[in-house]
Every structure is written in structure tokens, then in C-alpha cells.
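Chain residues, written in single-letter form:
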Amino acid sequence: MEKMPVFVKVEEYEDVMRTVNSLKSKIESAKGTLLKINQLKSEEDSQLETWHTALAEIEDRLHAISQLLHEPEQF
Amino acid sequence: MAKKKKTTRKRTARKAHPKEEKTYFIGIDDPAELRKLILEPTREVVQFLQSYEQFKKTKEEKTQSIKQLKEDLSQIKSEMAKLKRLLPAIKIEKPARKEKIREEVVQEVTVRTKPAPKPSGELEELEKELSEIEQRLGTLPE
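Bear in mind that the values here come from a model prediction, so they are computed numbers and not experimental data. (Residues numbered from 1 in each chain as written. Chains lettered and ligands numbered in written order. Predicted model: local features only at pLDDT ≥ 70, side-chain atom pairs only at ≥ 80, totals over all residues. Heavy atoms only, no water.)

### Re the side chain of Ser-65 of chain B
Right, on to step 1. For Ser-65 of chain B, the position within the fold is in helix 2 (residues 31–86).
Right, on to step 2. Among the residues examined, Ser-65 of chain B registers a relative accessible area of 5% and is labelled buried.
Right, on to step 3. Among residues more than four places away in sequence, those in contact with Ser-65 of chain B are Thr-33, Lys-36, Ile-37 and Leu-40 of chain A. (Helix = DSSP H or I, 4+ residues; strand = E, 2+ residues; numbered from the N terminus. Buried < 20%, exposed > 50% of the residue type's maximum accessible area, 1.4 Å probe, protein only. Contact = heavy atoms within 4.5 Å.)

### Some thoughts on the interface of chain B and chain A
Right, on to step 1. Of the residues lining the interface, 37 residues belong to chain B; the matching set on chain A comes to 37 residues.
Right, on to step 2. Carbon and sulfur atoms make up 74% of the area that chain B and chain A hide from each other, which totals about 3,500 Å².
Right, on to step 3. Of all residues in chain B, Phe-48, Phe-55 and Leu-86 of chain B give up the largest surface area on contact with chain A, accounting jointly for 17% of the area buried on that side.
Right, on to step 4. Summed over the shared surface of chain B and chain A, the number is 5 salt bridges.
Right, on to step 5. Measuring nitrogen to oxygen at the nearest pair gives 3.0 Å for the salt bridge that ties Glu-44 of chain A to Lys-62 of chain B.
Right, on to step 6. Counting across the chain B and chain A interface gives 8 residue pairs in polar contact (both at pLDDT 80 or more). (Buried area = accessible area lost by both parts, 1.4 Å probe. Salt bridge = Lys/Arg side-chain N within 4 Å of Asp/Glu carboxyl O. Polar contact = N/O pair within 3.5 Å; in protein donor to acceptor, adjacent residues only side chain to side chain.)

### What about the packing of aromatic side chains?
Right, on to step 1. Scanning all chains against the criterion turns up 3 aromatic pairs over all chains.
Right, on to step 2. Aromatic pair Trp-51 of chain A and Phe-48 of chain B: ring centres 5.1 Å apart, planes at 20 degrees, arrangement stacked. Here Phe-48 of chain B lies in helix 2 and Trp-51 of chain A lies in helix 1 (residues 10–70), a pairing that spans two chains.
Right, on to step 3. By relative accessible area, which is 13% here, Trp-51 of chain A ends up buried.
Right, on to step 4. Aromatic side chains Trp-51 of chain A and Phe-55 of chain B sit 4.9 Å apart centroid to centroid with 50 degrees between the ring planes, which places their arrangement in the tilted category. Residue Trp-51 of chain A is found in helix 1, and its partner Phe-55 of chain B is found in helix 2; the two belong to separate chains.
Right, on to step 5. Linked through ring pairs, Trp-51 of chain A together with Phe-48, Tyr-52 and Phe-55 of chain B together constitute an aromatic cluster. (Phe/Tyr/Trp six-rings, centres within 6.5 Å; stacked < 30°, edge-to-face > 60°.)

Right, here's the structure in full:
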């Protein structure tokens, strides 16, 4: 198939260029928002990891308390 | 009156000591260590709750950002539609050879895939839109 040239009116061309520029800025904004979501997700993941570690530590300490109370050395 | 008081006293005395229980004591070698073991997890739980508040804020912020992204994308969609309106519409003839191949592929796909459950509302609309775009893209020459 042959490639045919297409002509656009100058007024419409200006409108098209305005829309293209607006689209560019909106895409930049969307990229920024996506980056922010990614950062917040990382924060959430890191917080969950901290909780996981803290809970494991609490469990360890509880185990130590339980050992201290149920199995005294000189009994 | 005095007789009645005596009878109640006897009853309570029987209930208070039903069995004699032996009391045992366990020696704690290092009470300071035990207190530390109890206090440290308590401190951690308090810190945990503090960070939960922060987590809640982050989650709210994330939800807000997702809403913002959806808004950004819908704006992009409308701008793209505007761009499409502004540019001249040209009818492009479908390449015959490609169409044959596409038909074969579509037939294969219809035979293999099971009917999926119908999505509803916005999702269905988006899927329809997507299939329309894909159809148009298929008609364009490479």
C-alpha cells in the first residue's frame, strides 16, 4: 500500500501541538505520581519487614521468659 | 436477727476454703533480667503501635496517589481522544494477506480458550474499548 501525504489546517495544527504539549505534561505528572506510589509501596514493605522482625524478637523474649519461669536451674 | 447472722457466716466459711492448696515458689535468679525481658517487648509493642499510625498515613497517601494516577490517566485518555478528533480521519484499506492470517489466529484462539466470566461496569467498557483499538491497529499497514 502506498503512503499518501496528509495535510492538516494550520489552526488545527496549532491545536494539535497544544494538545500534544498538554499530553506531554500530563504524562510527566502521571510518571511522578507512579514514582510516588512506588516509594510509598517501598515504605509500606519496609514497615512490614520491621514489624516482622519486631514480632520475632518479642516471640524470642517471651520464649526466654517462659524458660526462666518453667525451667529454673536449681529445681 | 442475731441467729440469722450466725448461719450465713458458717456458709461463707465453707465456700471460701473448699480444698487446701499447697503453695510453691520458683526462685528467679536474675529478677532484673526478667523485668528487662518483660519491659523490652512492651516497649516494642508501643513502638509497633506508633509505627502503625505512620503506616496508616502512608497507606492513605498511597490510596490518594492511586486516585490521582487514575485521574491523570483519564485526562490522558481524553486528550488522546481530542488529538484523534483534531487529526484528519483517513480510511485505510485492510491488507488482504494479513487479514487471512488474523482470521486463522482468531479461529485458533476461539477454539482453545474457554468462555471467561463477563466483567461488569467500567472494566467491561474498557475491555470493549481495548478490543476496538486492537482491531483498528490490526487494520493499519506495518
